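# Breakdown of the fold
Chain by chain, the residues run as shown.
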Number of protein chains: 2
Amino acid sequence: MNQRWSLSALAIGIALSAPAQAFEGMWMPSQMPQLASELRSAGFKGDPAQLSDLTAAPLNAVVRVGGGTGSFVSDQGLLLTNHHVAYGVIQYNSKPDNNLIDNGYIAADRSAELPANPDYRVLVTVAFDKVTDEVLKEARGKSGRDYFDAVDAASKRLVSECESQPGYRCSVADMYYGTDFYRIKQLELRDIRLVYAPPRAIGNYGDEIDNFMWPRHTGDFTLLRAYVGKDGQPADYSADNVPYQPPAHLQMAKNGPREGDFAMLAGYPGVTYRHRTAAEFDNQVNHVLPQRVQVFDQLIDIIEQQGKADADARTRYASQLQSLKNNSKRAAGELLGLQRSQAVAVRAADERGMLAQTDADDRAAIEQLSTLLAEQTALRDREFLLNVFGSQSQLMRSALMLQRLQVESQKPDAQRESGYQQRDWNNIEAFLKQVQRRYSPQVEKALLAALLGRYQQLPENQRVAEFDQAFGRTPAQLASALDKLYATTTLDQEAQRLSRFAAAREGQPMQPDPLIDLAARLIPAQLSLEQQRKTWEGEDLRLRPAYMHALFDWRKSQGRALYPDANRTLRISYGTLESLQARDAVTYAPVTTVAGIVEKNTNQVPFDAPKRLLDAIAKGDFGDTADPVLQTQTVNFLTNLDTTGGNSGSPVLNANGELIGLNFDSNWEAVSASWMFDPRYKRAVHVDMRYLRWLLAKVYPAPHLLQEMQVD
Amino acid sequence: MNQRWSLSALAIGIALSAPAQAFEGMWMPSQMPQLASELRSAGFKGDPAQLSDLTAAPLNAVVRVGGGTGSFVSDQGLLLTNHHVAYGVIQYNSKPDNNLIDNGYIAADRSAELPANPDYRVLVTVAFDKVTDEVLKEARGKSGRDYFDAVDAASKRLVSECESQPGYRCSVADMYYGTDFYRIKQLELRDIRLVYAPPRAIGNYGDEIDNFMWPRHTGDFTLLRAYVGKDGQPADYSADNVPYQPPAHLQMAKNGPREGDFAMLAGYPGVTYRHRTAAEFDNQVNHVLPQRVQVFDQLIDIIEQQGKADADARTRYASQLQSLKNNSKRAAGELLGLQRSQAVAVRAADERGMLAQTDADDRAAIEQLSTLLAEQTALRDREFLLNVFGSQSQLMRSALMLQRLQVESQKPDAQRESGYQQRDWNNIEAFLKQVQRRYSPQVEKALLAALLGRYQQLPENQRVAEFDQAFGRTPAQLASALDKLYATTTLDQEAQRLSRFAAAREGQPMQPDPLIDLAARLIPAQLSLEQQRKTWEGEDLRLRPAYMHALFDWRKSQGRALYPDANRTLRISYGTLESLQARDAVTYAPVTTVAGIVEKNTNQVPFDAPKRLLDAIAKGDFGDTADPVLQTQTVNFLTNLDTTGGNSGSPVLNANGELIGLNFDSNWEAVSASWMFDPRYKRAVHVDMRYLRWLLAKVYPAPHLLQEMQVD
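Residues numbered from 1 in each chain as written. Chains lettered and ligands numbered in written order. Predicted model: local features only at pLDDT ≥ 70, side-chain atom pairs only at ≥ 80, totals over all residues. Heavy atoms only, no water.

### Describing the pairing of strand β6 (residues 122–130) of chain A
Residues in a regular strand project their side chains so that they alternate between the two faces of the sheet. Residue and element names in this part refer to chain A. Judged from the 2 bridges that link them, strand β1 (residues 62–65) and β6 form a sheet pairing that is antiparallel. Considered in β6, the bridge of Val-65 is made with Val-122. Where β6 and strand β8 (residues 180–189) come together, 8 bridges link them in antiparallel fashion. Each bridged residue has a counterpart across the sheet, and for Val-122 the counterpart in β8 is Leu-189. (Pairing = 2+ DSSP bridges. Helix = DSSP H or I, 4+ residues; strand = E, 2+ residues; numbered from the N terminus.)

As structure tokens, this is what we get:
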């Protein structure tokens, strides 16, 4: 791994530059035994079989927390996760006179542990069962929308049966794109409390500037505690509740890792696309990402131009502008990375090899899949533009949302489209209220003119009659339609939106308004497009398993196992601490030290290291948490582990299964890893547990917690 | 060298963090023999005695070119220097239909070599004689202004005698701050021609973005040729001239260097302050630099605020704004570096050690020097503000310049202050003309209000009666004075400035104008401040040698030699190729490769690598210029050599005295090296001669030049 990028290889052709397997893989625990020899040669000293059961130690110590991952670190329900995963909990407990984000928090004892926001959840996996036959039984022989509905209905039934036992949350996970289905049963802990949070200037040191960056110097960790009722069952917060006693917890290591050491990580990675077809890779690199950059940059330009003349609009669109910039930057970074890895050519060559040894039946299904994907690709521009059309407007989006709510609210609540059920009303109302702070008619018209102007240039087969009727076929008709709509709508007044919301949620007709009336004409088109999407989804579920079978066999013939693409289920990655040659002549060491905190410190947010921390660094009193070779305190470390969004808070274990780190980010060069794992660039960024221990021992002391974690 | 910054040393105190001597030193050639053992232990394989004579090989191959350094690389006057040193020559030869900056240039043969702008000069040192006694003879026993005048008169006489021989330019150099004086005699070559320049996108790849940066990927070189008359004497351009046959030239190495290899460099470093007193270090770090940042940032803020409302002013002040930003950034970088190196404490401890072993006579003179410096320090704020007051205005500066010109023009030309002689008239006229493009009354008033507002807050002893009378003592009086001046002046019209210029240069009275009249009242104060500065300078020249004697003895007792601070005379530095740990966990290798050109390429200025270069890199046909270990083409390399501004174009030699590189920049971390050499951070950036050879061999071919340099 980490070879210098060979230019002669570039010159000779892509065959040589296909990335090595290296430590690619977000493995299902059940796959670990078959990786035994790879694990051992990487340095693992435990029994791979012990990693195969999600419901046994150590994996049952790894839980879902908020939007990320966490792990139990004591037998009294003490939970370790990221500062950014627990951010809402810390914020929820802030008071005007005590901002816990800024100040951090140390609960002196259990009575001082602060209850989280009531919707904060910790999920402990207690069962993981293969349910492929049950899910597919009714679907077999069907196709399209029928296939989709059959899978959907079976999944919902399985979830509902499982959730009949109170205190549990269940889901059905689709592995290998429709090939296998698993039912996951999770204990749902509802009383979570804040135990220890470092100040923001430690937990989020560097913030956006250092985001995706290495070298890193961030103490992105927080300790929570899960509580249950006196009967040991999940319960809402109550002063009488008692600490949850997890089935297992992780033991913090006494020593820290160094370059080359084995490391492994368990967590809930979100979504990857590694096993998508060569055509999908081509579409992503040569169409989707460039289009995303181009359209987002156009919208950015429009907002900036409008903002130059209008300070008020500048303020109102600051947040949308920032978000567009982040999205554009991320897409550009993903594009650059995939080009650098020659992802399209590498995946195409790989797929050609696979197809050459695939049997006729699977090939026939793969042909059908290709046709399906081509059908979607032919309409991709429309899909993209109409999606952005909805998401980047305020008044237009309000009108569409209200109109759809009115349609859905005429059905029984359970049959309403997700997002329009009674449980969603609060969110809808909140959206309708915030419009006031984020809307300017000039900017919205300019954004819609740009997006619909692009739409007007689409070929006939991508056009939708309702949109053409509403906005015309020429830029002049479009401009005139938008001018008329925005000159006469009253939806820019909050009271007008909220009174229509009151009607729509009851399924009642709304008072007329030009935008509401327009939405009424557009919603049927929207519904018909949704119907088509579900048909496609059903066909995809039906056909893609053939592709996955072929890929599985192909990998087997290469002597490689196949992990399922990430789907928010528990996975294991393993690898080593590895340096990064990010650019020519630049080498990043895999361990950072407190010297970097001092170097980066500017006394200005986000590099405003607390004086207490700077003093402690200057004092140099690191004790047994110092690295024996570097002779100073380490802060973060870097591994080649396979991760993606959702892995935030994943525990990192050493060769003996002891806790050495806490995953919190990856490097910018790896932003394309959701599609392709390139061992030269894919790294994950972790908090070194020695830094946590030092902070708790010497800087913001919490000796009782070190004692509880048995590292005092 | 290059040790990890030890935090425990930080904690223990500064004693441990005093920088090691390492490869600090810009040595006079005459000092090389005494460094023989150090040179050999660094890897030098030649005879150090051979480096002691500026007028013998190899040093007589090193010449002054334009504002930098160059070296002869063939016996036919072929000269190697930086692209940025020869920039004016390239630009001078550009035509509307052939921009040589963009396109580069290759002279197919001698007849195609293009004459430089007529004022472009190459200076070959032919004599270097100690003239201390002659310079100081009349000064001894004097003090203050008399001492200054005696040194000045003696120096001018020595120069004038020397220049009586046509074709030579002479100067007197002050070494060790008034301790020693040398007369330098240089052959002045006036017919210089452009032979080979790479395109801008190679010669200035990365431009401002990569300036001061490492890793670097810039081919910052150009080949010129010096011509003389048929009689071998310097001559203006003529088609009949013949190539100058230099007394010596450098031989290009066949192999390139790698990390740890010996390297040495000869050139004309500009100004350093390494041997200034501890009090001057303290003043620089704790006052001068912070003040510079603060005042420049205030001016930046004013221009940006004014520019927000006034697009025209934004354009007019773009260049001044950029220059202020560069100056502020540079001052901030220097400050940061000196703080990181604990320069004040290190220098103070060093000086305490020195004074403890200095004899009574020198100590008495050093005491007087301290008193003198304290006197200057007491007035430093006024000096700084009045200096910026003149330089950051347009109309005010025009008025002061015109008034001073009128005063000086009443004297014989030779006695006029430098800058106001007949030879300076073109420059003055050009300045008076460009005002039109760079002036806005609102911005100028705002800038002057800020600077004079600061001046008004100075204590009584720093105030000047003439300024107080002109601008009042309160902000209100100042604002009213400025409003009145700028409401009524006519100097904002070019014709008004130029008609007064015509009068002033003849020493005639000028037509009245509020700003001209104000300048007439301020000039006497300006002259009196100048008189005081020359008195200080005389005292400094008289007293500082005692400090230098003491320092010389102190260094000797430490077993170290003492080099003079840089003063634009020929110096030698030696050291090795060394990596740079610029920040925690970041290591920069000392050699870059063409892979970095591809990585940085965006197809946008300044990272718009030519297609021909990119194709050649992709082709990978590097031949014998490829590095045998890296197996690819190198571009730039990094050494720990001691350099500063003026070293641009210095040849870098290997242990055998062969040419391996061309100095062109230093790293951002070393911007504080003008005051203190910190071996952890001081590096110099060079073009690898293998890159030049590859470009000439394979990319933009010039086989005849490779043949002439005997590396074909």
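### Quick word on the interface of chain A and chain B
At the interface, 24 residues of chain A touch 24 residues of chain B. For the chain A and chain B pair, buried surface summed over both sides reaches about 2,000 Å², with 57% attributable to carbon and sulfur atoms. Linking chain A with chain B are 0 salt bridges. Remark: the boundary between chain A and chain B carries 9 residue pairs in polar contact (both at pLDDT 80 or more). For the side of chain A that touches chain B, the elements supplying multiple residues, two or more each, are α1 (7–12), β15 (586–588), β16 (591–593), α22 (594–600) and α23 (611–619) of chain A. (Contact = heavy atoms within 4.5 Å. Buried area = accessible area lost by both parts, 1.4 Å probe. Salt bridge = Lys/Arg side-chain N within 4 Å of Asp/Glu carboxyl O. Polar contact = N/O pair within 3.5 Å; in protein donor to acceptor, adjacent residues only side chain to side chain.)

### Remarks on the nonpolar core
In terms of nonpolar packing, the biggest core is built from 143 residues, with Met-709 of chain A together with Met-709 of chain B touching the most fellow members. Ignoring sequence-local partners within four residues, the contact set of Met-709 of chain B consists of Val-73, Leu-78, Leu-223, Gln-251, Met-252, Leu-692 and Leu-696 of chain B. (Core = buried A, V, L, I, M, F, W, Y, C linked by side-chain atoms within 4.5 Å. Buried < 20%, exposed > 50% of the residue type's maximum accessible area, 1.4 Å probe, protein only.)

### Quick notes on the relation of the copies chain A and chain B
Taken as rigid bodies, chain A and chain B are interconverted by a rotation of 180° and an axial shift of 0.0 Å, the fit giving an RMSD of 0.0 Å. The transformation relating the two chain copies, once decomposed into turn and shift, fits a two-fold axis. The position closest to the rotation axis in chain A is occupied by the C-alpha of Thr-587 of chain A, lying 2.6 Å away. Take the interface residues of chain A: 100% of them recur as interface residues in chain B, which is what a same-surface contact looks like. (Least-squares fit on C-alpha atoms with pLDDT ≥ 70 in both.)

### Thoughts on the pattern of salt bridges
As enumerated under the stated definition, the model contains 87 salt bridges over all chains in all. Between Glu-304 of chain A and Lys-325 of chain A there is a salt bridge, with the nearest N and O atoms lying 2.9 Å from each other. One end of the pair, Glu-304 of chain A, is in helix α9 (residues 278–309); the other, Lys-325 of chain A, is in helix α11 (residues 318–340), with 21 residues separating them in the sequence. Glu-304 of chain A gets classed as partly exposed once you look at its relative accessible area, which sits at 34%. Two residues, Arg-145 of chain B and Asp-149 of chain B, come together in a salt bridge whose shortest N-O distance is 3.1 Å. Highlighted residues: Arg-145 of chain B and Asp-149 of chain B, both in helix α6 (residues 144–162), separated by 4 residues, approximately one helical turn. Connected through shared salt-bridge partners, Arg-110, Glu-113, Arg-225 and Glu-708 of chain A make up one network.

### A word on the environment of Asp-362 of chain A
All names here are of chain A. Inspection of the secondary structure puts Asp-362 in helix α13 (residues 360–378). Residue class for Asp-362 comes out buried when judged on its relative accessible area of 16%. Separated by 140 residues in the primary sequence, Asp-362 and Thr-222 have C-alpha atoms spaced 49 Å apart. Dropping the residues within four chain positions of it, Asp-362 is found in contact with Ala-546, His-549 and Ala-550.

### Overview of the sheet that holds β15 of chain A
Strand order in this open sheet of 4 strands is β14(A)-β15(A)-β15(B)-β14(B), and the pairing throughout is antiparallel. Both outer strands of the open sheet, β14 (580–583) of chain A together with β14 (580–583) of chain B, are each paired with one neighbouring strand and no more. This sheet shows a mean twist of 35° between the axes of neighbouring strands, independent of strand direction. In terms of strand pairing, β14 of chain B meets strand β15 (residues 586–588) of chain B through 2 bridges, oriented antiparallel. Bridge pairing in β15 of chain B places Arg-583 of chain B opposite Val-586 of chain B. (Axes fitted to C-alpha atoms, helices over the stretch in contact; angles between N-to-C directions.)

### Digging into the state of the cysteines
Residue and element names in this part refer to chain A. By the definition in use, this model includes 2 disulfides over all chains. Note on cysteine connectivity: Cys-162 is disulfide-linked to Cys-170, with sulfurs 1.9 Å apart. Handedness of the Cys-162-Cys-170 disulfide follows from its S-S torsion of about -60°: it is left-handed. Taken individually, Cys-162 and Cys-170 each receive the classification buried, so the pair is uniform in this respect. (Disulfide = S-S within 2.5 Å.)

### Let's talk about the packing of helix α15 (residues 395–408) of chain A against helix α20 (residues 494–504) of chain A
Residue and element names in this part refer to chain A. Packing of α15 against α20 brings their axes to within 8 Å, and their N-to-C directions diverge by 20°. Between α15 and α20, the angle is such that the two are roughly parallel. The hand of the α15/α20 crossing is left-handed. Facing Leu-395, Ser-398, Leu-402, Leu-405 and Gln-406 of α15, the residues of α20 in contact are Arg-497, Arg-500, Phe-501 and Ala-504. (Parallel < 35°, antiparallel > 145°, perpendicular 65-115°, else oblique. Left-handed = near helix turned anticlockwise from the far one by under 90°.)

### Some points on the domain arrangement of chain A
Residue and element names in this part refer to chain A. Per the domain assignment, the segments of chain A are domain 1 (124–188) and domain 2 (357–541). Domain 1 puts 10 residues into the contact, and the matching count from domain 2 is 7 residues. Each partner contributes to the roughly 770 Å² buried at the junction of domain 1 and domain 2, and carbon and sulfur atoms together form 63% of this total. Summed over the shared surface of domain 1 and domain 2, the number is 0 salt bridges. At the boundary of domain 1 with domain 2, the tally comes to 2 residue pairs in polar contact (both at pLDDT 80 or more). For the side of domain 1 that touches domain 2, the leading source of residues is helix α6 (residues 144–163), giving 5 residues. Looking at side-chain class alone, the side of domain 1 that touches domain 2 contains 5 nonpolar, 3 polar and 2 charged residues. (Domains from an automatic or database assignment. Nonpolar A, V, L, I, M, F, W, Y, C, P; charged D, E, K, R; others polar.)

### Considerations on α23 of chain A
Residues and elements named next belong to chain A. Residues Leu-613, Ala-616 and Ile-617 constitute the buried set of α23. One face of α23 carries all of its buried residues, which in axial projection span an arc of 100°. Across from the buried face of α23, at angles greater than 90 degrees, the exposed residues are Lys-611 and Lys-619. (Arc of directions from axis to C-beta.)

### Observations regarding the side chain of Thr-643 of chain A
Residues and elements named next belong to chain A. Here Thr-643 lies in the loop between β18 (632–639) and β19 (651–653). Given a relative accessible area of 6%, Thr-643 falls into the buried group. When neighbours within four sequence positions are excluded, Thr-643 is seen to be in contact with Met-26, Leu-265, Asn-663, Ser-666, Lys-682 and Ala-684.

### Regarding the pairing of strand β9 (residues 191–197) of chain A
All names here are of chain A. Burial within β9 is extensive, with 7 of its 7 residues counted as buried. Relative to β9, strand β4 (residues 105–106) is paired through 2 bridges, and the arrangement is antiparallel. Within the sheet, the bridge partner assigned to Tyr-105 lies in β9 and is Ala-197. With 2 bridges joining them, strand β5 (residues 114–115) and β9 adopt antiparallel strand pairing. Within the sheet, the bridge partner assigned to Pro-115 lies in β9 and is Arg-193. As defined by bridge partners, β9 adjoins strand β10 (residues 222–228) across 5 bridges and the pair is classed as antiparallel. Residue Leu-194 lies in a different strand from β10, and its bridge partner there is Leu-224.

### Concerning the packing of helix α13 (residues 360–378) of chain B against helix α21 (residues 514–557) of chain B
All names here are of chain B. Contact pair α13 / α21: the axes reach a minimum separation of 8 Å and the direction vectors enclose 135°. In terms of orientation, α13 and α21 fall into the oblique class. Considering the relative orientation of α13 and α21, their crossing is left-handed. Judged by residue contacts, Asp-362, Ala-365, Ile-366, Gln-368, Leu-369, Leu-372, Leu-373, Glu-375 and Gln-376 of α13 engage Trp-536, Glu-539, Asp-540, Arg-542, Leu-543, Arg-544, Ala-546, Tyr-547, His-549 and Ala-550 from α21.

### Section: the packing of aromatic side chains
Aromatic rings considered in pairs are described by the distance between their centres and by the relative angle of their planes. On inspection of all chains with the given rule, the structure shows 36 aromatic pairs over all chains. Between Phe-128 of chain A and Tyr-182 of chain A, the aromatic rings sit 4.7 Å apart at their centres with planes inclined by 15°, giving stacked as the arrangement. Here Phe-128 of chain A, found in strand β6, pairs with Tyr-182 of chain A, found in strand β8; they are 54 residues apart in sequence, far enough to count as distant. Between the aromatic rings of Tyr-455 of chain B and Phe-467 of chain B, the centroid separation amounts to 5.9 Å while the plane-to-plane angle is 55°, which identifies the pairing as tilted. With Tyr-455 of chain B in helix α17 (residues 441–456) and Phe-467 of chain B in helix α18 (residues 465–471), the pair connects residues that are 12 residues apart, well separated along the chain. Each member of the pair, Tyr-455 of chain B as well as Phe-467 of chain B, is classed as buried. Taken together through their ring pairs, the aromatic side chains of Phe-23, Phe-44, Phe-262 and Tyr-574 of chain A make up a single cluster. Just above the ring of Tyr-177 of chain A sits the side chain of Arg-544 of chain A; from NZ or CZ to the centre is 5.3 Å. Here the guanidinium or amino end of Arg-347 of chain B rests over the ring plane of Phe-281 of chain B, the centre of that ring lying 5.9 Å away. (Phe/Tyr/Trp six-rings, centres within 6.5 Å; stacked < 30°, edge-to-face > 60°. Lys NZ or Arg CZ within 6 Å of the ring centre and 35° of its normal.)

### Here we look at the environment of Gln-342 of chain A
The residue Gln-342 of chain A is located in the loop between α11 and α12 (343–356) in this model. For the pair Gln-342 of chain A and Met-676 of chain A, spaced 334 residues apart in sequence, the C-alpha separation works out to 9.6 Å.

### Some words on the side chain of Lys-682 of chain B
All names here are of chain B. Along the chain, the position of Lys-682 falls in the loop between β20 (659–666) and β21 (684–688). No salt bridge is formed by the buried Lys-682; its nearest oppositely charged neighbour, Asp-642, is found at 5.2 Å. There is a polar contact of 3.2 Å between the side chain of Lys-682 and the backbone oxygen of Leu-641. Ignoring sequence-local partners within four residues, the contact set of Lys-682 consists of Thr-639, Asn-640, Leu-641, Asp-642, Thr-643, Ser-666, Asn-667, Ala-670, Ala-673 and Phe-677. (Lys, Arg positive; Asp, Glu negative; His and termini not counted.)

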